[in-house]
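Survey of secondary and tertiary structure
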Amino acid sequence: MKNSDLVGFADPNAVSDDGEDDEIANIKKKVSKKSGGFQSMALSFPVLKGVLKRGYKIPTPIQRKTIPLLLEGRDVVAMARTGSGKTACFLIPLFEKLKVRQAKTGARGLILSPTRELALQTLKFIKELGKFTGLKAAVILGGDSMDNQFSAIHGNPDIIVATPGRFLHICVEMDLQLKNIEYIVFDEADRLFEMGFGEQIQEIVNRLPESRQTLLFSATLPKVLVDFAKAGLSDPVLVRLDVESKIPEGLTLSFITCRPEEKLAVLLSLLKKIIKPESQTIVFAETMHHVEYIHQILDKAGISNTFIYSNLDPSARKINAAKFQIGKVKVLIVTDVAARGIDIPHLDCVINFNFPAKSKLFIHRVGRCARAGRAGTAYNIVSTDEYPYLLDLHLFLGRPLTIVPTAGTAENMESAVGKLPQAMIEEELTELINWHNTSTDLINMQKVSNNAYQQYIRSRPGASAESVKRIKELRINEAGILPQYADIPHAAADIIARMKNYRPQGTIFEIGTKTNSTDYKVMKVKRTFHKENIHNFHKKMEERKTDKINTASELSQKVDLPSSNAEEINAAFSTVVVPKKRSSDSLYKISKKKKRLTKRDEEYYIPYSAPDKHTEEGLAVNTFATEADKAQMDLTADNEEARHLQTQLKKWDRKKKKMVTVERDPKAKKIRTESGVWIPATYKTNRYNVWKEKSKIDENNSEDDSEEEPSQIKNLRTTANTHWARHNQKLKDKVKIRNELKRPEQVLKARQLLEKKRQKSGRRKGQKNRKKH
């Protein structure tokens, strides 16, 4: 049976141009509603045709859950990672809602993106998926010509894709009301707020009609986003697909312990000897300084790599991301903040250079690989100060923390905590020391990274107290070599482990000194005096170890005993002591006191909330508030400036009943809009009026004129004031209908041109006559 015969597996490329419409229509008729394809979603013909032509066959889980809700007109908050098909999630319902082009209505769909790259990527998808709908889209980005953007808005596009800052600037300049917007999408919503677009978004939302449909797509759910969703969305539905399976099935976890100074050596060992050279790998570091330092080290090692962090220039970020996506380089070094919005569908490996402090952040990182049925590996380099977070993660995932024994085992232990062979690390460590000795830049960068790490530790949330206590008993430092990386026999590994754990009996007063020196003699006498105590201490430590092993085996063999009932207890014991219960008299006295204090008439008093409010909240299932509380997560900043913004001076707000950030002179260089939001004063200039005068555009008739233009003129339309624009304008004048009434300026210009031609021809005739004579 071929793939083309299966429902939802139709190959759009195999169909000829003449019969493709009929074939799609037949598929739509034949398919049943219970099938998992796009055909079962009752999409209109032009939308379905665009979807199938794009090559989509079966919707992804997020699409299957979200699209039906959006087609019903519900407001949705969807938690979706990059590469999960979220763009199609909001575009397909958008096309269904708008149906066909309406030139005179204006923009009806608005998509806000945090970055230029994401906005352009969305515009590309709109052109591909909405190919047969005839809908017109425009993109409004910061850094582009505002004149071109004024022209784009005058063209009355159906869909606007924009970055919030520039779009609000255009709205204020042109005094756009956005009353016709039916559908608004906040793509990477958490990042929009992280980048400081909060006030711009609030002002844009205030300009939108209340009857709009609102969508928020986000990879994480910080508290600020939950508050915004509660205020700006009506009865939103939270769609989360990472609750049941926290980590992808095809993902292998590997936890590698080492000393802090060996981290770079472990990273180089992984990239050189363990990870295949053709594999695409992403390395997560905590700060932008670590990213730059690792980049320099990998360049020295001859490993092709690129990097991205939040402070990097937008064009450089775009170039570096493109290098990694097309496979020109195989290693990308990023921070958590910078990794947002990068589409990497076929990632093979993830390396956590710094172990994340939050378990949800770990899932966010490692969830980028092993997607769509692919296999992947997450390597986690863990040093001493990160052990409690490792234990927290295992408790969060509900997995046992298995530590590789010192001697090592032949069997492959899944998700075990262990080490790399010391010989492998020492080789890279020697090379690193040589590079640092010969390069001043590396030494300076190392100092900067160490200082940045100290700052990061201050802002890092602490691990649970129980994990900090338990980690001391687990002795992770004594973990053996991970079996999958062991390239030395067990006997040799055992000797190396013994050497590592060996503690010399001599103290600093005895080592390297002569036997006849005073220090040596004093310590020798002291040691012989305390010999018995030392021996007893070591004996106790050995006994503790054996006790732990015995208790563990006893616990595993323990049998559950049947519990006793109340009758058996009363028969065995004459008196039973139980906690005292409050008497009804005392309760009556308390209630009487409360009644005296309240001065309201219970008969006529109307409370702010329903009497059964708490019962209803307790019995409610999958409400947005409860689901959002579980999903909240804030990312740590990757530079000092952003970290300072997160930890600004705060004060207690009596109305909100919480700590709020104190802004220093919030109204400086700002203007107040009609809706009461303060926005930067630079948003209100006279550029639009200047452009209108320069372009000689009558805003009322601009759309009518464009609709009446012939198709040849439409193809020649350009907005920029360039050589090609002037050239196309001349061609437009030739194409125009000859019997059209001309304006006085055109008549005057035509007469002037004719006069010039006559003068030229007169001169030429005069020159010819002279030559003849």
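As the structure is a prediction and not an experimental result, all values here were calculated from the model.

Definitions and limits used
- Residues numbered from 1 in each chain as written.
- Predicted model: local features only at pLDDT ≥ 70, side-chain atom pairs only at ≥ 80, totals over all residues.
- Heavy atoms only, no water.
- Helix = DSSP H or I, 4+ residues; strand = E, 2+ residues; numbered from the N terminus.
- Buried < 20%, exposed > 50% of the residue type's maximum accessible area, 1.4 Å probe, protein only.
- Contact = heavy atoms within 4.5 Å.
- Pairing = 2+ DSSP bridges.
- pLDDT = per-residue confidence, 0-100.
- Polar contact = N/O pair within 3.5 Å; in protein donor to acceptor, adjacent residues only side chain to side chain.
- Core = buried A, V, L, I, M, F, W, Y, C linked by side-chain atoms within 4.5 Å.
- Phe/Tyr/Trp six-rings, centres within 6.5 Å; stacked < 30°, edge-to-face > 60°.
- Lys NZ or Arg CZ within 6 Å of the ring centre and 35° of its normal.
- Axes fitted to C-alpha atoms, helices over the stretch in contact; angles between N-to-C directions.

1. Description of the side chain of Thr87
Looking at where Thr87 falls in the secondary structure, it is placed in helix H4 (residues 86-98). Under the relative-accessibility criterion, Thr87 is labelled buried at 11%. Sequence-distant contacts of Thr87, that is, excluding residues within four places in its chain, are made with Thr122 and Phe125.

2. A closer look at the pairing of strand E2 (residues 109-112)
Of the two faces of E2, the one holding Gly109 and Ile111 and the one holding Leu110 and Leu112 are both buried throughout. Here E2 pairs with strand E4 (residues 159-162) via four bridges, running parallel. Note on E4: the bridge partner recorded for Leu110 is Ile160. Taken together, the four bridges between E2 and strand E5 (residues 183-187) define a ladder with parallel strand orientation. Considered in E5, the bridge of Leu112 is made with Phe186.

3. Considering the confidence of the model for the chain
Caution applies to low-pLDDT regions: their predicted coordinates should not be interpreted in detail. On average, the chain scores 76 in pLDDT, and the residues at 70 or more come to 70%. Confidence drops under a pLDDT of 50 for residues 1-18, and excluding neighbours within four residues, the segment shows 18 contacts in the predicted structure. Confidence over residues 699-709 falls short of pLDDT 50; this stretch has 18 contacts with residues more than four positions distant or in other chains.

4. A word on the pairing of strand E6 (residues 213-218)
Most of E6 is tucked away, with six of its six residues classed as buried. By the alternation rule, side chains of E6 split into Gln213, Leu215 and Phe217 and Thr214, Leu216 and Ser218, which are all buried. Relative to E6, strand E1 (residues 76-79) is paired through four bridges, and the arrangement is parallel. Bridged to Val76 within E6 is Leu215. Relative to E6, E5 runs parallel, the two being bridged by five bridges. When the sheet's bridge partners are listed, Val185 is paired in E6 with Leu215.

5. Here we look at the side chain of Thr306
As for its position among the elements, Thr306 is in strand E10 (residues 305-308). With relative accessibility at 3%, the residue Thr306 sits in the buried group. A polar contact of 3.4 Å, which involves the side chain of Thr306, links it to the side chain of Asn320. Sequence-distant contacts of Thr306, that is, excluding residues within four places in its chain, are made with Asn320, Phe324, Val329, Val331, Leu332 and Ile333.

6. Observations concerning the nonpolar core
As a rule of thumb, soluble globular proteins bury nonpolar side chains together. Counting 45 residues, the largest nonpolar core has Leu110, Phe167 and Phe186 as the members making the most contacts within it. Among the elements that line this core, the one with the most residues is helix H7 (residues 164-174), at six residues. Residues in contact with Leu110, not counting those within four places in the same chain, are Ile160, Phe167, Ile181, Tyr183, Ile184, Val185, Ile204 and Leu208. In terms of nonpolar packing, the next biggest core, distinct from the first, is built from 41 residues, Val283, Tyr309, Leu420 and Leu442 among them.

7. Observations concerning the packing of aromatic side chains
In this structure the tally under the stated criterion is 10 aromatic pairs. Lys49 extends its terminal NZ or CZ atom over the ring of Phe132, reaching a point 4.3 Å from the ring centre. The ring of Phe353 carries Lys263 above its face, with NZ or CZ at 5.7 Å from the centroid.

8. Examining the sheet that holds E1
The strand order across the open sheet built from seven strands is E3-E4-E2-E5-E6-E1-E7, with neighbouring strands paired in parallel fashion. Edge positions in the open sheet fall to strand E3 (137-140) and strand E7 (237-240), since each of these has one partner strand only. Taking the axes of each pair of neighbouring strands and ignoring which way they run, one obtains an average angle of 15° across the sheet. Relative to the sheet, helix H10 (residues 223-232) contacts E1, E5 and E6, its axis offset from that of E6 by approximately 170°.

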